[in-house]
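Below are the chains, spelled out letter by letter.
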Amino acid sequence: MTGRARPLPETAAALDMRRAVRDWLARFAPEAVVAVGLSGGADSLALTAAAVAEAEVVDALIVDHNLQPGSDRVAAAAAEGALALGCRSARVLSVEVSGAGGLEAAARRARYAALDDARDGRPVLLGHTLDDQAETVLLGLARGSGPRSIQGMAAFAEPWGRPLLGVRRSATRALCAELGLSPHEDPHNSAPEFTRVRLRTEALPLLEEILGGGVAAALARTAEQLRADNAVLDELADKLLSAADDGSGLSIETLATAPAALRRRAIRAWLFAGGAKALTDKHLRAVDALVTDWHGQGGVAVGGGKPGTRLVAAREHGRLTLAFGR
């Protein structure tokens, strides 16, 4: 445990947080040397305090997105707070946010890239809570993205660790108050132009009112159940893929006799392994139709090509093939 760790109170919030971090470390990082992605907000600040109490070594990584005046001062204050809590080190990572997909997506890409570059082989703990998981499931349901989206975030998807997926956001705020910490309130977290903010402040409270409470916890349980189901389906799909792959493509006969859910999972994994990018449901169903509804149609461009070329899945001599074409 870090030598300068600040003692935590024996309160319900502190005990919930410590138990969640301790269980996560036992499962995924028994060496107990971790980094924490610290924004200065209540969730990541409380996570840092609990991690310092439970892990051997904690290093704080603070990303300055440079999106607001004074963001450098906020980042510096977060670093100072991390050291006061007992982190071994605190490093500010300054990034430039740009690119397609809107501000939220661009900031997320920049943040994760910076954390990945700076983590030095350590897992990075993130402050996503049960409430964040519920919001993620709702977004997946609304977008019709399928079971992979509805299964939400994983407790550990290397190198990203999320120990607090079973902890309510109210517990992180309570622990900050008990420790006398003043979390930074990012104005983006209350800006109604962001879809997730409206889910948090409007949709979920309304659902809780209509359904009599317990909605966030129920959505998180749904995500956990789907994750377990998807793991089994993925294993079966891997076996189907191995059986269908003869080295020059996938056997149409083998795929066609498999259940649709397994066949599409196998095709999806094969396409990604072959270099497909930004694969959509429309792409997947078009490739699946080459197996189950073939009437002479041509290949399907699935993205991931090079300049002047396209990555194309096609049906040739009883096999699915994947190659670059014009």
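Residues numbered from 1 in each chain as written. Predicted model: local features only at pLDDT ≥ 70, side-chain atom pairs only at ≥ 80, totals over all residues. Heavy atoms only, no water.

Where an unreviewed UniProt entry is consulted, the protein chain appears under the name tRNA(Ile)-lysidine synthase, with the organism given as Nocardia pseudobrasiliensis. Entered under Catalytic activity (unreviewed entry) in the UniProt record, the comment concerning the protein chain runs "cytidine(34) in tRNA(Ile2) + L-lysine + ATP = lysidine(34) in tRNA(Ile2) + AMP + diphosphate + H(+)". Recorded in UniProt under Subcellular location (unreviewed entry), the annotation for the protein chain is "Cytoplasm". (UniProt positions renumbered as here; feature names shortened; annotations may be inferred.)

Draft legend 1. The arrangement of the domain arrangement of the protein chain in detail. Parsing the protein chain into structural domains produces domain 1 (12–216) and domain 2 (245–325). Domain 1 and domain 2 are separated by 37 Å when their C-alpha centres are compared. (Domains from an automatic or database assignment.)

Draft legend 2. Quick peek at the UniProt feature "binding site: ATP" (unreviewed entry) in the protein chain. When the UniProt feature table is mapped onto this chain numbering, "binding site: ATP" (unreviewed entry) sits at Ser 39, Gly 40, Gly 41, Ala 42, Asp 43 and Ser 44. With respect to the helices and strands, the residue Asp 43 is situated in helix α2 (residues 42–54). A relative accessible area of 16% places Asp 43 in the buried class. Aside from chain neighbours lying at most four places away, what touches Asp 43 is Gly 127, Thr 129, Asp 132, Leu 164, Arg 169 and Thr 172. Inspection of the secondary structure puts Ser 44 in helix α2. If sequence neighbours within four positions are ignored, Ser 44 has contacts with Val 36, Gly 37, Leu 38 and Ser 39. At a separation of 3.0 Å, a polar atom in the side chain of Ser 44 contacts the main-chain amide nitrogen of Ser 39. (Helix = DSSP H or I, 4+ residues; strand = E, 2+ residues; numbered from the N terminus. Buried < 20%, exposed > 50% of the residue type's maximum accessible area, 1.4 Å probe, protein only. Contact = heavy atoms within 4.5 Å. Polar contact = N/O pair within 3.5 Å; in protein donor to acceptor, adjacent residues only side chain to side chain.)

Draft legend 3. How the structure looks around helix α5 (residues 130–143). In this model α5 runs 20 Å from its N-terminal to its C-terminal C-alpha over 14 residues, within 8% of the 20 Å that 1.5 Å per residue would give. Extensive coverage of α5 is indicated by the burial of 11 of its 14 residues. Here α5 has its buried residues at Leu 130, Asp 131, Asp 132, Gln 133, Ala 134, Glu 135, Thr 136, Val 137, Leu 138, Leu 139 and Gly 140. Here the buried face of α5 lies against α2, α6 (147–150), α7 (169–178), α8 (195–211) and α9 (215–244). Two residues or fewer after α5 comes Gly 144, characterised by a positive phi angle close to 60 degrees. (Expected span 1.5 Å × (residues − 1).)

Draft legend 4. Fine view of unusual backbone geometry. Cis geometry marks the peptide bond from Glu 158 to Pro 159; its omega dihedral reads 10 degrees. When you line up the elements, Pro 159 lands in the loop between β5 (156–157) and β6 (160–161). In this structure, Asp 120 takes a positive phi of about 55 degrees despite not being glycine. Checked against the element boundaries, Asp 120 lands in the loop between α4 (102–118) and β4 (124–125).

Draft legend 5. Broad picture of the pairing of strand β1 (residues 33–37). Counting buried positions along β1 yields four of five residues, so the element is predominantly enclosed. Inspection of the sheet shows β1 paired to strand β2 (residues 57–64) by five bridges, in the parallel sense. Of the residues in β2, the one forming a bridge with Val 36 is Ala 60. Regarding topology, α2 serves as the crossover connection from β1 to the parallel β2, and that connection is right-handed. Of the pairings in the sheet, the one linking β1 to β4 comprises two bridges and is parallel in character. If you follow Val 36 over to β4, its bridge partner there is Leu 125. (Pairing = 2+ DSSP bridges. Right-handed = clockwise from strand over helix to strand, strands pointing away.)

Draft legend 6. Inspection of the packing of helix α11 (residues 260–273) against helix α12 (residues 281–292) at higher detail. Their axes nearest at 10 Å, the elements α11 and α12 cross at an angle of 115 degrees. Relative to α12, α11 is oriented so that their crossing is right-handed. Contacts from Arg 263, Arg 264, Ile 267, Arg 268 and Leu 271 of α11 reach α12 at Leu 284, Arg 285, Val 287, Asp 288, Val 291 and Thr 292. Partitioning the contact of α11 with α12 into residue classes produces five nonpolar, one polar and five charged. (Axes fitted to C-alpha atoms, helices over the stretch in contact; angles between N-to-C directions. Left-handed = near helix turned anticlockwise from the far one by under 90°. Nonpolar A, V, L, I, M, F, W, Y, C, P; charged D, E, K, R; others polar.)

Draft legend 7. Representation of the pattern of salt bridges in the model. What the rule picks out here adds up to 20 salt bridges. One salt bridge in this structure joins Glu 202 and Arg 198, with 3.0 Å as the shortest N-O distance. Linking Glu 202 with Arg 198, this pair stays in helix α8, spanning four residues, or about one helical turn. Between Asp 288 and Arg 264 there is a salt bridge; the shortest N-O distance is 3.1 Å. Of the two residues, Asp 288 sits in helix α12 while Arg 264 sits in helix α11, which places them 24 residues apart along the sequence. In this structure Asp 288 comes out as buried when scored by relative accessible area, which is 2%. (Salt bridge = Lys/Arg side-chain N within 4 Å of Asp/Glu carboxyl O.)

Draft legend 8. Local environment of the packing of α2 against α7. Taken N-terminus to C-terminus, the directions of α2 and α7 make an angle of 65 degrees; their axes are 8 Å apart at the nearest point. One finds that α2 runs roughly perpendicular with respect to α7. In the crossing of α2 with α7, the sense of the turn from one axis to the other is left-handed. Contact residues: Ala 42, Asp 43, Leu 45 and Ala 46 in α2; Arg 169, Thr 172, Arg 173, Leu 175 and Cys 176 in α7. The residue inventory of the contact of α2 with α7, partitioned by class, reads five nonpolar, one polar and three charged. (Parallel < 35°, antiparallel > 145°, perpendicular 65-115°, else oblique.)

Draft legend 9. View of the pairing of β2. A large share of β2 lies buried, amounting to eight of its eight residues. Across six bridges, the pairing between β2 and strand β3 (residues 89–94) is parallel. Directly across from Val 63, in β3, lies its bridge partner Leu 93. Handedness of the crossover joining β2 and β3 through helix α3 (residues 71–85) is recorded here as right-handed.

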